[in-house]
Amino acid sequence: MTPLAEPAQVVIGHAPWFTEARFGMFVHWGLYSLAARHEWVRYRENMSAGEYHKYFEHFDPDLYDPREWAAAAKKAGMKYVVLTTKHHDGFALWDSALTDYKSTNTPCGQDLLTPYVEALREAGLKVGFYHSLIDWHHPDFTIDGNHADRLNPAWQELNKGRDGARYRAYLHGQVRELLSNYGQIDYLFFDFSYPDEATANPDGGSTFPGKGASDWGSVELMEMIRELQPAIIVNDRLDVPGDFLTPEQYQPAGAMISGDKEVPWEACQTLNGSWGYDRDNLDYKSPEQLIRMLIDGVSKGGNLLLNVGPTARGEIDPRAVESLAGIGEWMRLHSKSIYGAGAAGIPAPQDGRYTRRGNRLYLHLFAWPFQFIHLPGLAGKVRYAQLLNDASEIAMMVLDPGQAAGHMTPAGQAPGTLTLQLPVQRPGVSVPVIELILNPEL
């Protein structure tokens, strides 16, 4: 009998929790939540700093309760949460000693990160910070193609006297604050580098240069991070190698490769195409589609970081709460096929995805077949099969390869094929899962 070898699990050596968890919550929240029309609203609508300042003057999230965020994440089956400490607009959610552009100077009047970190720890969730490398507010961040002031005709004059070294020191200083003042931080997501992204500017005579590792001082920054938080994991957007890759708004076709080897990865996805709160955006994905995205990622060795954008008052949008609850109900019954699972190393049948954890192989069925499903290569390798949602047995058989199709008899299958006989009625869950318990020697 040919062994069904378990593929090597691609993990982060100093933080194996990441690939065990598989599912986390991204939270984009800041001044742009008041505009309620995308987190890049200042950039998209070419707002001046003065126009955007009204959101700073009125930021007062009186309903902010990160315990509710943590409860929603936990109910959905998520194991970690990542919050935007500072987005591209430069606004800090904590009492940074390096800027006046921070939550403590708004009507809110408080450091918003302390209760967030405390709430996650109380809930047993891993603590993650997002931090923007881009900063449209800082006076030393040079205007380029990703700056909100890129269309300002006076951009060249505005750039005179701006000092990249001063901005690097500011960036490093804020990261030091984040990693020194809140205890253990498990996860750090930087956003983003664009060294090869030269873009046209308004004068038509030249191009804006991109920004990358030398602009951020990424090597030195990473050294500081490792010194301050040895157990932390850091993403790949500093333009130097990180601990995991971050495909955004798409599902990879398979395992992700870096340096000729498979590496951990995490797809960051939105509920409706917007990261920040977007009141009038109705393009919400269904809970079933989101569940399929989670399954698809895990079947290829990846994680899913699913975003919510709380309102300006600090609450998660009811539409997002409903989506998370739908995912959570499926996860309540099927999380065994997600946590600690990964790619199975064998091709799944049409409309299916395999994940594997130890001697358990999980078949996720995106379409429900009528009566039979045929699994090549598994004959003699499965000792028991059951629906995961209710642990009800699924009958197994191996059809004679030479058996001819009859009036009521299915044709034989290729040698080594295991056939499962399914109930006619599809289980009442978003994505049915069959748990295949493999023989001990496999």
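The preceding data block contains the structure.
Below is a summary of the structure that appears in this document. Everything numeric in this text was worked out from a predicted model, so none of it was measured.

1. A few points about the environment of Ser392
With respect to the helices, strands and loops of the structure, Ser392 is situated in the loop between strand E15 (382–387) and strand E16 (395–397). Sequence spacing of Ser392 and Ile434 is 42 residues, and the spatial spacing of their C-alpha atoms is 9.6 Å. Sequence-distant contacts of Ser392, that is, excluding residues within four places in its chain, are made with Ala385, Gln386 and Leu387. Within polar-contact distance, the side chain of Ser392 engages the side chain of Asp390 at 2.7 Å.

2. Remarks on empty space enclosed by the protein
Per the counting criterion, the structure on display carries two cavities of 30 Å³ or more. Its residues assigned to classes, the lining of the largest cavity comprises six nonpolar, five polar and two charged. Here the second largest cavity defines a volume of roughly 30 Å³. Along the walls of the second largest cavity sit Trp29, Gly30, Leu31, Tyr32, Thr84, Thr85, Lys86, His87, Asp89, Phe91 and Leu93, which together make up its complete lining. Ranked by residues supplied to the lining of the second largest cavity, first place goes to strand E2 (residues 80–86) with three residues. Each residue belonging to the lining of the second largest cavity can be placed in one class, and the counts come to five nonpolar, four polar and two charged.

3. As for the environment of Asn46
In this fold, Asn46 is placed in the loop between helix H3 (41–44) and helix H4 (49–58). Residues Asn46 and Leu151 lie 105 residues apart in sequence; the distance between their C-alpha atoms is 7.4 Å. Ignoring any residue separated from it by four or fewer positions in sequence, one finds Asn46 in contact with Glu51, Arg150 and Leu151. One polar contact links Asn46 to Arg150, side chain to side chain, over a distance of 3.3 Å.

4. Observations concerning the pattern of salt bridges
Where charged atoms from two side chains of opposite charge come close, those side chains can pair. In total, this model carries 20 salt bridges according to the counting rule given. The salt bridge partner of Arg67 is Glu122, with a shortest N-O separation of 3.0 Å. Within this pair, whereas Arg67 is found in helix H5 (residues 66–76), its partner Glu122 is found in helix H6 (residues 113–123), the two being separated by 55 residues in sequence. For Arg67, a relative accessible area of 47% corresponds to the partly exposed category. For the salt bridge of Arg237 with Asp191, the shortest nitrogen-to-oxygen distance reads 2.9 Å. You can see Arg237 sitting in the loop between strand E7 (233–234) and strand E8 (257–258) and its partner Asp191 sitting in strand E4 (residues 187–191), a full 46 residues away along the chain. Assigned by exposure class, Arg237 and Asp191 land together as buried. Within the structure, one salt-bridge network assembled from shared partners comprises Asp140, Asp163 and Arg166.

5. Examining the packing of aromatic side chains
Counting across every chain of the model gives 32 aromatic pairs. Taken together, a centroid distance of 5.7 Å and an interplanar angle of 70° make the contact between Phe26 and Trp275 edge-to-face. Of this pair, Phe26 sits in strand E1 (residues 23–27) while Trp275 sits in the loop between strand E10 (265–269) and helix H11 (287–299), placing them 249 residues apart in sequence. Side by side, Phe26 and Trp275 carry an identical accessibility label, which is buried. Three or more aromatic residues link up through ring pairs in this structure, and these residues are Trp40, Tyr43, Trp136, Phe141, Tyr167, Tyr170, Phe192, Tyr194 and Trp216.

Reading guide: rules and limits
Residues numbered from 1 in each chain as written. Predicted model: local features only at pLDDT ≥ 70, side-chain atom pairs only at ≥ 80, totals over all residues. Heavy atoms only, no water. Helix = DSSP H or I, 4+ residues; strand = E, 2+ residues; numbered from the N terminus. Contact = heavy atoms within 4.5 Å. Polar contact = N/O pair within 3.5 Å; in protein donor to acceptor, adjacent residues only side chain to side chain. 1 Å grid on protein atoms, 1.4 Å probe; cavity = no way out; pocket = protein on both sides within 12 Å on 5 of 7 lines; lining within 4 Å. Points joined across faces, edges and corners; volume = space filled by probe spheres on them. Nonpolar A, V, L, I, M, F, W, Y, C, P; charged D, E, K, R; others polar. Salt bridge = Lys/Arg side-chain N within 4 Å of Asp/Glu carboxyl O. Buried < 20%, exposed > 50% of the residue type's maximum accessible area, 1.4 Å probe, protein only. Phe/Tyr/Trp six-rings, centres within 6.5 Å; stacked < 30°, edge-to-face > 60°.

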